[in-house]
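# Close look at the chain arrangement
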Amino acid sequence: MINLKIPGYETITVEHVTFDYNGTLAVDGFLVKGLKERLVALTKLGVDVYILTADTFGLVRKQCGDLPVTIEIFSKDNISKKKKAFVESIGGATNVAIGNGNNDREMFLESRLSIVVIGTEGCFVKSLLAADIVVNSPLDALDLLLNSDRMVATLRT
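Described in the following lines is the structure provided in the data block. Each chain has its residues counted from 1, following the order in which its sequence is written. Local features in this predicted model are restricted to residues whose pLDDT is 70 or higher, and side-chain atom pairs enter the listing and the counts only when it is 80 or higher, whereas totals over whole chains, interfaces and linings include all residues. Side-chain numbers here rest on the full set of heavy atoms in the structure, without hydrogens or water.

### Structural notes on the packing of aromatic side chains
Pairing of aromatic rings covers Phe, Tyr and the six-membered ring of Trp, with a centre-to-centre limit of 6.5 Å; geometry is then stacked below 30 degrees between planes, edge-to-face above 60, and tilted otherwise. Applying the stated criterion across every chain, the model contains one aromatic pair. With 5.1 Å between their ring centres and 70° between their planes, Tyr50 and Phe86 make a pair best called edge-to-face. Of this pair, Tyr50 sits in strand S6 (residues 48-53) while Phe86 is found in helix H3 (residues 79-90), placing the two residues 36 residues apart along the sequence. For the residue pair Tyr50 and Phe86, the accessibility class agrees, reading buried in each case. Here a strand is any run of E in DSSP of at least two residues, a helix any run of H or I of at least four, and the numbering for each starts at the N terminus. Relative accessibility thresholds used throughout: buried, under 20% of the residue-type maximum; exposed, over 50%; partly exposed, between the two (1.4 Å probe, protein chains only).

Here it is as structure tokens:
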């Protein structure tokens, strides 16, 4: 668990992190280099990590099967509603959602904190506007969680 004490904002308890896969953690289905170590480090902090995807390229299990994460593959229809329902089921009040696409916006709105990744594949503008934080890469998103002083510096008032 991560406790973020943010001056002038509030304390945020992070028990879960939900990630979109394609466009966020992966480019063309392949995990971004340097993410495996960071995902493992995040789980060592006692955070449950979930990867939520329609698995467009069919590579998520091959790329992430050896990681201490839970992979949820959804059928390709109504994926935004499925991601939102998943976040509701684990508890949005203690979840950080990280994504880039249109189908991530609903899980952003359901989560306590949301981070949009612009990345190689860009991001959906309405998801950008729904996010609390914007980063350039999934590495940056994970580094915010692993070095919580960065998150505090970004969110303090």
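### Thoughts on H3
In an α-helix, one turn spans 3.6 residues, which is why side chains three or four residues apart end up on the same side. Here the expected span of a helix is defined as 1.5 Å times the quantity of residues minus one. Relative to the 16 Å expected for 12 residues at 1.5 Å per residue, H3 spans 17 Å between its end C-alpha atoms, a close match to the ideal helical length. Ile79, Lys83, Phe86, Val87 and Ile90 are the residues of H3 that are buried. Viewed end-on, H3 has its buried residues packed into an arc of 95°, placing them on one side of the element. Pointing more than 90 degrees away from the buried face of H3 are the exposed residues Lys81 and Ser89. Buried residues along H3 sit against strand S3 (16-20), S6, strand S7 (70-73), strand S8 (95-99) and helix H4 (105-110). Backbone geometry just after H3 places Gly91 at a positive phi near 105°. By arc we mean the arc of the directions from the helix axis to the C-beta atoms, nothing more. We call two residues contacting when some pair of their heavy atoms lies within 4.5 Å.

### Remarks on the packing of helix H6 (residues 138-146) against helix H7 (residues 148-155)
Inter-axis angles, ranging from 0 to 180 degrees, are taken between N-to-C directions of lines fitted to C-alpha atoms, where helices are fitted over the stretch in contact. Interhelical geometry of H6 versus H7 gives an angle of 100° and a closest axis separation of 4 Å. Considering the angle they form, H6 stands roughly perpendicular to H7. Side by side, H6 and H7 meet where Asp143, Leu144, Leu145 and Leu146 of the first sit next to Ser148, Arg150, Met151 and Thr154 of the second. Split into classes, the residues belonging to the contact of H6 with H7 amount to four nonpolar, two polar and two charged. Roughly parallel here means an angle under 35 degrees, roughly antiparallel means over 145, roughly perpendicular means 65 to 115, and every remaining angle is called oblique. Side-chain classes are defined by residue name, with Ala, Val, Leu, Ile, Met, Phe, Trp, Tyr, Cys and Pro counting as nonpolar, Asp, Glu, Lys and Arg as charged, and the others, Gly among them, as polar.

### Some remarks on the pattern of salt bridges
For salt bridges, the criterion is a side-chain nitrogen of Lys or Arg within 4 Å of an Asp or Glu carboxyl oxygen. Under the counting rule described, the total for this entry stands at seven salt bridges. Between Asp66 and Lys36 there is a salt bridge, with the nearest N and O atoms lying 3.5 Å from each other. Note that Asp66 is positioned in the loop between helix H2 (60-64) and S7 and Lys36 in helix H1 (residues 35-44), a separation of 30 residues in sequence. Since its relative accessible area comes to 31%, Lys36 is described here as partly exposed. In this structure, Asp77 and Lys82 form a salt bridge, with 3.4 Å as the shortest nitrogen-oxygen distance. Residue classification places Lys82 among the partly exposed residues on the basis of a relative accessible area of 24%.

### Quick notes on H7
Of the positions making up H7, those classed as buried are Met151, Val152 and Leu155. Summarising the axial view, the buried residues of H7 lie within an arc of 100°, below the 170-degree limit, and thus occupy one face. Looking at the packing, one finds that the buried side of H7 touches strand S1 (2-6), strand S2 (10-14), strand S9 (113-117), strand S10 (133-135) and H6.

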